[in-house]
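So you can see what is in the structure, the chains are spelled out below.
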Amino acid sequence: MVSVEEVTKIFPANRRSLFPSGKAGSVTAVDRVSLSVADNEIVALIGESGCGKTTLGKIMLGIIPASDGKVLFDGHRLEEFTSSGRKEYMDWRRRYQMVFQDPYSSLNPRLTVRQTLAEPFILHTGLDTASVRLKVDELIWAVGLDSGVDSCLPGELSGGQRQRVNIARALACQPRFIVCDEPLATLDASVKSQIVNLLVGIHRQYGVSYLFISHDLPAARYIADRVAVMYRGSLVETAPTELFFNRPRHPYSQILLANSHQRYRDGRLSDPSVPITHQPGSTGCKFAGQCPRAAAVCFSAQPLLIQTEPDSFLACHLPPG
Ligand code: SF4
């Protein structure tokens, strides 16, 4: 349904850049990535902070342009929609939505819950006021909010309630696909599980597909059909979820999972405990500086993402046997 082919995104460099230079004065945030999300599918995109996950999600929705490569919706190029008439563009736009990481900053602090949820209907449909009111009531119910919150401002809501409002807003115009960008990152543990269950329920009921961007590997395992692992702007492994968690094949994936297990054992839920440091750009595998399996070939050529099994792809010169 939604796919990117050989997509690259190059930003002007700044002093805090963690990515290798694509060329002088620039950083390559996304490096020739191809990925698709099918109808009724949930793909989890995982990897450490700053690896390009959010940038890729925004490119998939046409929120930021790619520097190179294609973005396709049902086989049609993004440009067909962005250069079409307003009605066609708005019709396309409403079907592809994003839920942002910070549920507070992504809501207008001056709009009540009802006003926030009414906006998409006013923008995308010709419904009259009474019908919009009914639709908003339905949304409030669908995401498990108490009907009394409709007159609240975002500042009067808890983090979990705000994220439910964000999800409700994304659902307002019956989207086919939602990029969920770290939707659990700012929530405490009990609220996280409620939001994950809400997303699963919406997926089952409405058939909405997700790109689920997250550091939370247990949540990714619970929610996703397929996992894609990103490292320094490149995809290094994709596989069906259970296969991936039972048998990660890329050395970086193995470290990511080991770190996650360690964190959960320690009760720490922040970024990886064993640092995965960045090395300046090289011509070889981006992970060669930390890889326990690295050999001479790894420092001279970047491995391509190739199919190793049905539905599984790996970028490694020396895959495990
Ligand atoms: Fe490690 Fe080499 Fe594979 Fe890169 S290509 S992950 S350095 S074994």
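Conventions used here
Residues numbered from 1 in each chain as written. Predicted model: local features only at pLDDT ≥ 70, side-chain atom pairs only at ≥ 80, totals over all residues. Heavy atoms only, no water. Buried < 20%, exposed > 50% of the residue type's maximum accessible area, 1.4 Å probe, protein only. Helix = DSSP H or I, 4+ residues; strand = E, 2+ residues; numbered from the N terminus. Arc of directions from axis to C-beta. Contact = heavy atoms within 4.5 Å. Core = buried A, V, L, I, M, F, W, Y, C linked by side-chain atoms within 4.5 Å. Near = heavy atom within 4 Å. Nonpolar A, V, L, I, M, F, W, Y, C, P; charged D, E, K, R; others polar. Salt bridge = Lys/Arg side-chain N within 4 Å of Asp/Glu carboxyl O.

Draft legend 1. Spatial organisation of helix 3 (residues 86–94). For helix 3, the complete set of buried residues consists of Met90, Trp92 and Arg93. Along helix 3, the residues classed as buried sweep out an arc of 160 degrees about the axis, all on the same side. Tucked into the core, helix 3 has its buried residues touching strand 4 (68–73), helix 2 (78–82), strand 6 (96–99) and helix 4 (113–124).

Draft legend 2. Spatial organisation of the nonpolar core. Core analysis: the biggest nonpolar cluster contains 59 residues, and Ile46, Ile167 and Phe212 have the highest contact counts within it. Apart from the residues lying within four places of it in its own chain, the contact partners of Ile46 are Lys53, Ser214, Leu217, Ala220, Val227, Ala228, Val229, Met230, Phe244 and Leu256. Judged by nonpolar contacts, the second largest core, of 30 residues, contains Met1, Val7, Ile64 and Val71.

Draft legend 3. A look at the site of the ligand. All residues adjacent to the ligand are His250, Pro251, Cys285, Ala288, Cys291, Arg293, Ala294, Cys298, Pro303, Cys316, His317 and Leu318. In terms of residue class, the shell around the ligand is made up of nine nonpolar, two polar and one charged.

Draft legend 4. Spotlight on the environment of Pro218. Among the secondary structure elements, Pro218 is positioned in helix 8 (residues 217–223). With relative accessibility at 40%, the residue Pro218 sits in the partly exposed group. Along the backbone, Pro218 and Leu257 are 39 residues apart, and their C-alpha atoms lie at a distance of 9.9 Å.

Draft legend 5. Structural detail: helix 1 (residues 53–60). Where burial is concerned, most of helix 1 is hidden: six out of the eight residues are buried. Taken as a whole, helix 1 has its buried residues at Lys53, Thr55, Leu56, Gly57, Ile59 and Met60. Gly62 sits one or two residues past helix 1 and shows a positive phi near 75 degrees.

Draft legend 6. Inspection of the pattern of salt bridges at higher detail. Counted under the stated rule, the structure contains 14 salt bridges. Among the salt bridges present, the one from Asp31 reaches Arg32, with a minimum N-O distance of 3.2 Å. Accessibility expressed as a relative area gives 15% for Asp31, which makes it buried. By relative accessible area, which is 44% here, Arg32 ends up partly exposed. Put simply, Arg221 and Glu242 hold a salt bridge, and the shortest N to O gap is 2.9 Å. Of this pair, Arg221 sits in helix 8 while Glu242 is found in helix 9 (residues 241–246), placing the two residues 21 residues apart along the sequence. Each member of the salt-bridge network shares a partner with another, and the members are Asp31, Arg32 and Lys286.

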